[in-house]
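Chain and residue survey
Below, each chain spelled out in residue letters.
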Amino acid sequence: MPANAVYESMDICDFARLDKLMKRHRPDVIIHLASLLSGSSEKDRRVAWQINTTATLEILEQAKLIPNCTVLFASSIATYGGELPELLTEAQPQWPSTL
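Not measured: the values here are computed from a predicted model.

**Notes on the overall build of the protein**
A count of helical and extended segments in the protein gives 3 helices and 2 strands. Its helices and strands taken in sequence order, the protein reads α-β-α-α-β from the N to the C terminus. Taken over the C-alpha atoms alone, the protein extends approximately 45 × 30 × 25 Å along its principal axes. Counting every position in the protein, which comprises 99 residues, the buried fraction comes to 19%.

Dropping the structure here:
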């Protein structure tokens, strides 16, 4: 990890704290890894939506306020659903079978 990297552990849905952290650190890059996987999402769809969608949108909106801020958002292969070819391209259709 680079010497100037900062790791913050928090409730991703605490938007007031997110706002404070973004203003304090003014990051060049945000590596956003918070999410619920398929099984957990199926158990509580509202919480999954809040974490996976609403919180991600909030991070993107916050990043827009910082010049040249880049957001790296990791996803999972579950977004494709079903059988997959050996090589996935950007044009691969996404038809998830779960939330």
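**Some points on the pairing of strand E1 (residues 29–32)**
Only one face of E1 is buried: it carries Ile30 and His32, and the other face, with Val29 and Ile31, is open. Two strands pair when backbone bridges link them, and E1 and strand E2 (residues 70–73) are joined in this way by 4 bridges, in the parallel orientation. Each residue of the ladder has a partner; that of Ile31, found in E2, is Leu72.

**Topic: the environment of Glu86**
Turning to its location among the elements, Glu86 is positioned in the segment after E2. Considering only alpha carbons, one finds Glu86 and Leu37, 49 residues apart in sequence, at a separation of 23 Å.

**Considerations on the nonpolar core**
Core analysis: the largest hydrophobic core is formed by 10 residues, namely Ile12, Leu18, Met22, Ile30, Ile51, Ala55, Ile59, Ala63, Ile66 and Cys69. When contributions to this core are tallied by element, the ones reaching two or more residues are helix H1 (15–25) and helix H3 (45–64). No other element matches the 4 residues that H3 contributes to this core. Sequence-distant contacts of Ile51, that is, excluding residues within four places in its chain, are made with Ile12, Cys13, Ala34, Ser35, Leu36 and Thr56.

**Concerning a nonpolar patch on the surface**
A contiguous nonpolar surface patch, about 410 Å² in accessible area, is contributed by Val29, Ile31, Leu33 and Leu72. As for its position among the elements, Ile31 is in strand E1.

What counts and what doesn't
Residues numbered from 1 in each chain as written. Predicted model: local features only at pLDDT ≥ 70, side-chain atom pairs only at ≥ 80, totals over all residues. Heavy atoms only, no water. Helix = DSSP H or I, 4+ residues; strand = E, 2+ residues; numbered from the N terminus. Buried < 20%, exposed > 50% of the residue type's maximum accessible area, 1.4 Å probe, protein only. Pairing = 2+ DSSP bridges. Core = buried A, V, L, I, M, F, W, Y, C linked by side-chain atoms within 4.5 Å. Contact = heavy atoms within 4.5 Å. Patch = residues over 30% accessible without salt bridge, like charges linked within 9 Å, V, L, I, M, F, W, Y side chains within 5 Å. Areas by Shrake-Rupley, 256 points an atom, 1.4 Å probe, with all protein chains shown as cover. Salt bridge = Lys/Arg side-chain N within 4 Å of Asp/Glu carboxyl O.

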